[in-house]
Amino acid sequence: MTRTQKQAEHTGDSSEKQHGRGAGSAVQSVDRARVSVLEILARVGEAGVTEIAEELDVHKSTAFRLLGVLENRGLVAQAKDRGKYYLGAAVLRLAGAAAVRLDISQEGVPVCRELADELGETVNVAVLDDDAAVNIMQARGTASVTAQNWLGRRTPLHATSSGKVLLAHMPPTLREGLLARALPRFTERTITGTSVLRAELEAVVEQGYGVTIEELELGLAAVAAPIRAHDGKVIGAISVSGPVYRLNSDRLPELAKRTVAAGAELSRRMGYGF
């Protein structure tokens, strides 16, 4: 495309915007261009502004602006000595998180299915999603015909068994940052005091599992255990949930034992202990 064609195209875009069109498509075009930059760097490893501009068939100033936005977000980084750009840590972090979720989902299917069949209750696997726990897979037992669908749901860390497990095993600075925020109350049993919650999180680490009884919803109880990666880092939690009349104080110890065993098996499948 010649510079004249580009100018004509730009003029056409401006005309569309003046007639109420083009605003959405312009944003989409910019987003596509940013994605294209990432695809180029993924393919070639590193590239300069001129190379990227030529690949995208845009002016160097446009390529520079695209790279600037991506660099500010940590998606690309620049080798100062060579002026070349390469994929940044944010991309690697996102890719790693996606891979972890995919691996847990794949490896967790037989573990969760067996546990749900054995206990008759709903079994979920959750991972940390910023300041919440998100359920990435679920298996339902025969007794849980009326159980909620928790798949894809983000739940508060301080009021769920999986959340407590994830919170308890966070780096201290990150955990304290979250605890410094106001903790919302969902029921009369929700723990909103940081000192009480800290003590409970210490117990979670010591006993190897977390429990919630009507802290998120009335009538709901759950127990969760950690899932570890090959390096021992807690990357998720497996939980069993159901109504309090079935997950009562008499049954919870056995449920906790089975949940911890399932967490250990899923951790083994993720490479922990080898």
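Right above here is the structure, for reference.
Residues numbered from 1 in each chain as written. Predicted model: local features only at pLDDT ≥ 70, side-chain atom pairs only at ≥ 80, totals over all residues. Heavy atoms only, no water.

Some details on the sheet that holds strand β2 (residues 76-79)
- In space, the three strands of this open sheet follow the order β1-β3-β2, with antiparallel pairing throughout. Among the strands making up the open sheet, the edge pair consists of β1 (46-47) and β2.
- Relative to strand β3 (residues 84-87), β1 runs antiparallel, the two being bridged by two bridges. What sits directly across from Ala-47, in β3, is Tyr-85.
- Each of β2 and β3 touches helix α4 (residues 60-72); the most contacted strand, β2, lies at about 110° to it. (Pairing = 2+ DSSP bridges. Helix = DSSP H or I, 4+ residues; strand = E, 2+ residues; numbered from the N terminus. Contact = heavy atoms within 4.5 Å. Axes fitted to C-alpha atoms, helices over the stretch in contact; angles between N-to-C directions.)

Here's the deal with unusual backbone geometry
- Of note in this structure, Asp-57 is not a glycine but carries a positive phi near 60°.
- If you trace the backbone, Asp-57 turns up in the loop between α3 (49-56) and α4.
- Even without being glycine, Asp-130 reaches a positive phi, approximately 60°.
- When you line up the elements, Asp-130 lands in the loop between β4 (122-129) and β5 (132-139).

Describing the sheet that holds β4
- Spatially, the six strands line up as an open sheet ordered β6-β5-β4-β9-β8-β7, and their pairing is antiparallel. Edge positions in the open sheet fall to β6 (154-156) and β7 (210-213), since each of these has one partner strand only. On average, adjacent strands in this sheet sit at an angle of 30° to one another, irrespective of strand direction.
- In terms of strand pairing, β7 meets strand β8 (residues 220-228) through four bridges, oriented antiparallel. Counterpart to Thr-212 in the pairing with β8 is Ala-222.

What to know about the side chain of Thr-212
- For Thr-212, the position within the fold is in strand β7.
- Within the local environment of Thr-212, its side chain forms a polar contact with the backbone nitrogen of Ser-161, the two atoms lying 3.5 Å apart.
- Setting aside chain neighbours within four positions, we find Thr-212 in contact with Ala-159, Thr-160, Ser-161, Lys-164, Leu-220, Ala-221 and Ala-222. (Polar contact = N/O pair within 3.5 Å; in protein donor to acceptor, adjacent residues only side chain to side chain.)

A few points about the pattern of salt bridges
- In the structure shown here, the tally under the stated rule is 17 salt bridges.
- Residues Arg-269 and Glu-107 are paired through a salt bridge, measuring 3.5 Å at the closest nitrogen-oxygen approach. You can see Arg-269 sitting in helix α9 (residues 252-269) and its partner Glu-107 sitting in helix α5 (residues 89-119), a full 162 residues away along the chain.
- The class for Glu-107 is partly exposed, based on a relative accessible area of 29%.
- Among the salt bridges present, the one from Arg-258 reaches Glu-118, with a minimum N-O distance of 2.6 Å. Note that Arg-258 is positioned in helix α9 and Glu-118 in helix α5, a separation of 140 residues in sequence.
- Note on Glu-118: relative accessible area 44%, which makes it partly exposed. (Salt bridge = Lys/Arg side-chain N within 4 Å of Asp/Glu carboxyl O. Buried < 20%, exposed > 50% of the residue type's maximum accessible area, 1.4 Å probe, protein only.)

Examining α9
- For α9, built from 18 residues, the straight-helix expectation of 26 Å at 1.5 Å per residue is met to within 8% by its first-to-last C-alpha distance of 25 Å.
- Taken as a whole, α9 has its buried residues at Leu-252, Leu-255, Ala-256, Arg-258, Thr-259, Ala-262, Gly-263, Leu-266 and Ser-267. (Expected span 1.5 Å × (residues − 1).)

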